[in-house]
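Each chain, letter by letter, is given below.
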Amino acid sequence: MTPHHDPVRRRIDLDSAEALRLLGSVSLGRIVFTRQALPTVRPVNHVLDGGDIVIRTHEGAALTAHAQEADGAGVVVAYEADVIDPDTHLGWSVVVTGYARLVTDPSELARIQALLRPWAPSEGMDQAVRIRPELVAGVRLAGAGETAPAAG
């Protein structure tokens, strides 16, 4: 019987520019926010807009209400997106922590609605939330021979 050896994998920390570039290369992620004092996670689609993450939401959604009640900088949220191969477990993951605010300017909201089509049925998804990143953390899960991408 031959011993089973897991392939050598490495964890490569990404700088914030590369992490945001990767996040911008996919359209789906997960938003984490507080609801009734507990963390809540929702899958959503997103677009990067001027360095911010923008998502669309329903008027009655918990996140919409939470962001609407926020004053000043907004409400603290986390946003995560990844691409990880289920067989090799190689890929990347990015987590952004920042402040979410409801988009209230009608012209900006119309621009976002044209830019970002919801992944789920869009009926009633006439609100948008803008997340301004404060902390950006990304990691690439690489095979033994892979190196970190060149800074660009």
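Predicted model only: the values in this text are computed from it and were never measured.

Where charged atoms from two side chains of opposite charge approach closely, those side chains can pair. Counted under the stated rule, the structure contains 10 salt bridges. The shortest N-O distance in the salt bridge between Glu-18 and Arg-140 comes to 3.4 Å. Of this pair, Glu-18 sits in helix H1 (residues 16-24) while Arg-140 is found in strand S7 (residues 127-143), placing the two residues 122 residues apart along the sequence. When its relative accessible area of 15% is taken as the criterion, Arg-140 is described as buried. Glu-80 is the partner of Arg-30 in a salt bridge, and the nearest nitrogen-oxygen pair spans 2.3 Å. Here Glu-80 lies in strand S5 (residues 75-84) and Arg-30 lies in strand S2 (residues 28-35), a separation of 50 residues in the sequence. You can call Arg-30 partly exposed: its relative accessible area is 32%. Classification of Glu-80 by relative accessible area gives buried; the value is 15%.

Turning our attention to the confidence of the model for the protein. The predicted model of the protein has a mean per-residue pLDDT of 84, with 76% of residues at 70 or higher. Within the protein, no element has a lower average pLDDT than helix H2 (residues 62-69), which sits at 62, and none a higher one than H1, at 96.

What follows deals with the side chain of Thr-40. Turning to its location among the elements, Thr-40 is positioned in strand S3 (residues 38-49). Not counting chain neighbours up to four residues away, the residues in contact with Thr-40 comprise Ile-31, Val-32, Phe-33 and Arg-35.

So, on to the pairing of strand S6 (residues 91-102). In the sheet, S5 pairs with S6 via 10 bridges, with the strands oriented antiparallel. Across the sheet, the residue bridging to Asp-82 is Ser-93, located in S6. Hairpin connection of S5 to S6: 6 residues between the antiparallel strands, including His-89 at a positive phi of 65 degrees. In this sheet, S7 lies alongside S6 in antiparallel orientation, the contact comprising 12 bridges. Following the sheet pairing, Val-94 is matched in S7 by Gly-138.

Let's shift gears to unusual backbone geometry. Apart from glycine, the bulk of residues carry a negative phi angle, and the bulk of peptide bonds sit in the trans form. Look at Gln-36: it is not a glycine, yet its phi comes out positive at around 50 degrees. Secondary-structure assignment places Gln-36 in the loop between S2 and S3. On the basis of relative accessibility, which here comes to 74%, the residue Gln-36 falls in the exposed class. Look at His-89: it is not a glycine, yet its phi comes out positive at around 65 degrees.

The rules behind each value
Residues numbered from 1 in each chain as written. Predicted model: local features only at pLDDT ≥ 70, side-chain atom pairs only at ≥ 80, totals over all residues. Heavy atoms only, no water. Salt bridge = Lys/Arg side-chain N within 4 Å of Asp/Glu carboxyl O. Helix = DSSP H or I, 4+ residues; strand = E, 2+ residues; numbered from the N terminus. Buried < 20%, exposed > 50% of the residue type's maximum accessible area, 1.4 Å probe, protein only. pLDDT = per-residue confidence, 0-100. Contact = heavy atoms within 4.5 Å. Pairing = 2+ DSSP bridges.

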